Structures are given as structure tokens and as C-alpha cells.
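# Structure at a glance
Listed here are the chains, written in short residue letters.
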Amino acid sequence: MANIILLGPPGAGKGTQAKRLVDERAMVQLSTGDMLREAKTSGTEMGRLVAEVMDKGHLVTDDIVIGLIEEKLQTHAPGGYIFDGFPRTLKQADALGELMARVGETLDAVIEIKVDDEALKARIVGRYTCGNCGAVYHDTNHPTKLAGICDVCGSHDMKRRADDTENALRTRMLAYYRDTSPLIGYYYAKGQLSAVDGLAEMDAVAGAIAKVLDKA
Ligand code: AP5
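In this report, the structure presented in the accompanying data block is examined. Being a predicted model, the structure only gives us computed values, none of them experimental. (Residues numbered from 1 in each chain as written. Predicted model: local features only at pLDDT ≥ 70, side-chain atom pairs only at ≥ 80, totals over all residues. Heavy atoms only, no water.)

## A word on the overall build of the protein chain
Broken down by element type, the protein chain carries 9 helices and 8 strands. For a compact globule of 216 residues, the expected C-alpha radius of gyration is about 17 Å, and the protein chain comes in at 17 Å, within 12% of that figure. Taken over the C-alpha atoms alone, the protein chain extends approximately 45 × 40 × 35 Å along its principal axes. Out of the 216 residues belonging to the protein chain, those deemed buried represent 44%. A separation threshold of at least 6 residues defines the contact pool for the protein chain, and within that pool the share at least 24 residues apart is 70%. Side chains of the protein chain carry 26 positive and 31 negative charges; the gap between the two charge centres is 2 Å. (Helix = DSSP H or I, 4+ residues; strand = E, 2+ residues; numbered from the N terminus. Rg over C-alpha atoms; globule rule 2.2 N^0.38 Å. Buried < 20%, exposed > 50% of the residue type's maximum accessible area, 1.4 Å probe, protein only. Contact = heavy atoms within 4.5 Å. Lys, Arg positive; Asp, Glu negative; His and termini not counted. Charge placed at Lys NZ, Arg CZ, Asp CG, Glu CD.)

## Things to note about the nonpolar core
Among the nonpolar cores identified, the biggest contains 27 residues, and Ile5, Leu30, Ile69, Leu73 and Phe83 are the most heavily contacted of them. Counting residues per element, the ones that place at least two in this core are strand S1 (4–7), strand S2 (28–31), helix H2 (32–40), helix H3 (45–56), helix H4 (62–72), strand S3 (81–84), helix H5 (90–102) and helix H8 (182–189). The leading source of residues in this core is H5, at 5 residues. With near-sequence residues (within four places) excluded, Ile5 lies in contact with Phe83, Phe86, Pro87, Leu96, Leu107, Ala109, Val110, Ile111 and Tyr187. Within the second largest apolar cluster, 21 residues are counted, among which are Ala12, Val115, Ile124 and Ile209. (Core = buried A, V, L, I, M, F, W, Y, C linked by side-chain atoms within 4.5 Å.)

## A few points about the site of the ligand
Looking at the ligand, there are 36 residues lining it, with Thr16, His58, Arg88, Arg127 and Arg172 nearest. At 2.6 Å from an oxygen atom of the ligand is found a side-chain nitrogen or oxygen belonging to Arg127. For the ligand, whose unbound accessible area comes to 1,100 Å², protein coverage reaches 96%. The greatest single-element share of the shell around the ligand, amounting to 4 residues, is contributed by H2. When the residues that make up the shell around the ligand are grouped by side-chain class, the tally is 15 nonpolar, 12 polar and 9 charged. (Near = heavy atom within 4 Å. Polar contact = N/O pair within 3.5 Å; in protein donor to acceptor, adjacent residues only side chain to side chain. Areas by Shrake-Rupley, 256 points an atom, 1.4 Å probe, with all protein chains shown as cover. Nonpolar A, V, L, I, M, F, W, Y, C, P; charged D, E, K, R; others polar.)

## A short note on the environment of Glu201
With respect to the helices and strands, the residue Glu201 is situated in the loop between strand S8 (193–197) and helix H9 (202–215). Expressed as a C-alpha distance, the spacing of Glu201 and Asn141, which sit 60 residues apart in the sequence, is 9.4 Å.

## Points about the pattern of salt bridges
Inspection of every chain in the model, using the stated rule, returns 19 salt bridges. For Lys91, the salt bridge identified is with Asp63, shortest N-O distance 3.3 Å. Placement of the pair is Lys91 in helix H5 and Asp63 in helix H4, with a sequence separation of 28 residues. On the basis of relative accessibility, which here comes to 46%, the residue Lys91 falls in the partly exposed class. A salt bridge links Lys159 to Asp157, with the nearest nitrogen and oxygen atoms 3.1 Å apart. Exposure remark for Asp157: the relative accessible area of 34% places this residue in the partly exposed category. By sharing partners, the salt bridges in this structure join Arg127, Arg161, Asp163, Asp164 and Arg172 into a single network. (Salt bridge = Lys/Arg side-chain N within 4 Å of Asp/Glu carboxyl O.)

## Thoughts on H4
Side chains of residues three or four places apart in an α-helix project in the same direction, reflecting 3.6 residues per turn. Three or more residues of H4 are buried, namely Asp62, Val65, Ile66, Leu68 and Ile69. One side of H4 holds all its buried residues, which, seen down the axis, span an arc of 155°. Relative to its buried face, H4 has exposed residues pointing more than 90 degrees away, namely Asp63 and Glu71. The inward-facing, buried residues of H4 abut S2, H2, S3 and H5. (Arc of directions from axis to C-beta.)

## Thoughts on the sheet that holds S8
Sheet strands line up and pair through hydrogen bonds in the backbone, either parallel or antiparallel. Taken in spatial order, the 5 strands line up as S2-S3-S1-S4-S8 in an open sheet, and their pairing is parallel. The sheet is open, and its two edges are formed by S2 and S8, each paired on a single side. Going from strand to strand, the sheet's axes swing by 25° on average, the running direction of each strand aside. (Pairing = 2+ DSSP bridges. Axes fitted to C-alpha atoms, helices over the stretch in contact; angles between N-to-C directions.)

Right under this line is the structure:
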């Protein structure tokens, strides 16, 4: 059992690897991106505001995402929690430490998925997901076996994200380097950081993450 953070820029493979860990280790994925995308479709004023910010590639305010994580920390997680896309600022990192202490949990590892920035654009622009089960695919790296049909659940409902455009990606990358990358030093100094090569094949990335988890 381990509680981990997957840290990396847009397209690093956080969601792809988190979903494997859910299947293989009974871990619970807490993706603030997925939670916010759900909020976007809620039809509420909050959902409309979140959509405006997210679709341009900016970060949503700390208080909103900290509140979302606080709610989800009540979920039963026999294999541990995977924090995917959270924390993204130093304020969120401090809040996570406090929330974990409050529920009697510890953070066991922070795994940085390292990638080359040039590779990210192709990954983001080629990505699509199943609207029913959330499985993640890519036009060339990881297409569905049958065109347009999800390998996992058989749904035909394939979606592309509104923020997977070149313009929004530029803003997301800026937000990553300005607000999120300082967390690499923060967790290194706490002795919790490990890094894996995110440019390797998906199975190799999963193997490197498994090694970190087995030592945690
Ligand atoms: P979020 O949903 O968290 O997006 P992100 O961090 O930009 O990351 P992505 O989901 O784009 O990439 P990923 O690393 O999960 O890559 P994936 O596995 O899909 O956040 C979206 C927005 O929500 C933010 O911009 C912000 O507005 C808001 N938000 C979220 N959390 C927030 C927070 N805490 N605070 C404030 N705002 C917040 O892979 C990408 C593609 O590459 C896929 O097609 C996949 O098949 C392919 N691929 C994956 N691994 C490999 C590999 N090893 N080799 C080849 N291809 C691969």
C-alpha cells in the first residue's frame, strides 16, 4: 500500500500510468483534471467558470482544487491514493501535507515523469479518450484496436479535450514551469522524489514506477 504523487508536464503520461496502477494495484486515482472536467459538465455557475479557465490552459484556483481533494480523501483506498495532477502549486503541496496528516495517511513517494518538451505537443494533439470509461488513447502511439471503439468498454463515444490545442498547450506548459516545477525541488529536499523516464515505452515506464512503489 502506498500513497503517491505523479508529477510531470501536460502529456507526460500521468493519467495513462495512474489507470494502470488502479487496475494492477487496487489504488485510487485522484485526478483533479478529471474532477474539474466533471464539474464543467454540471451546468452550474462554478462549472461554467471552471470551463473558461481550463479550456484556455490556466490553473484553477487553489481553494477549489484543495476542496475537491479534501472531499475525495474519504474514499476507501486499499492500495493507496495516486495524486494525478495535484498538487500543482506550493500552496497545494502544503495543503496536501496537512490533509494527509489529518486523515492519518502518509505520502510515500513523489514520482516525476520526465519528458522532452518537444515530444509533448505530438502526444497532446494526438490524444483521445473514451467518454464512457476514461481510457486514454493516441492516434499513432496507442490507437484503439478497432477504429473508434474503446478496447476496455466497447463504447463508440471517443472525445478530444477542449484544452488539447497548440495555444492552450503553450499556456499549460507555462503554468507547469512557473507554478508546478518548483515542486520538484520541494519534494527532493523532503527526500521523497524519484524520477522515471517518461519517453520510454508505456510498459517500461510502468515497470520503473513499479520499482519505486515496491521500495516505498
Ligand atoms: P489535467 O487533466 O491534470 O492535465 P495535464 O496535467 O495537462 O496532463 P494531461 O492529462 O494532459 O497529461 P497526462 O500526463 O495525464 O498524459 P496522458 O497519460 O493523458 O489538467 C487539465 C487542466 O485542469 C489544467 O490545465 C488546469 O486548468 C486544471 N487543473 C487540473 N488540476 C489542477 C490543479 N491541481 N490546480 C489547478 N488547476 C488544475 O498521455 C498523453 C498522451 O500521450 C496520450 O494520448 C497517451 O496515450 C500518450 N502516452 C502516454 N504515455 C506514453 C508513452 N510512454 N509513450 C508514448 N505515448 C504515451
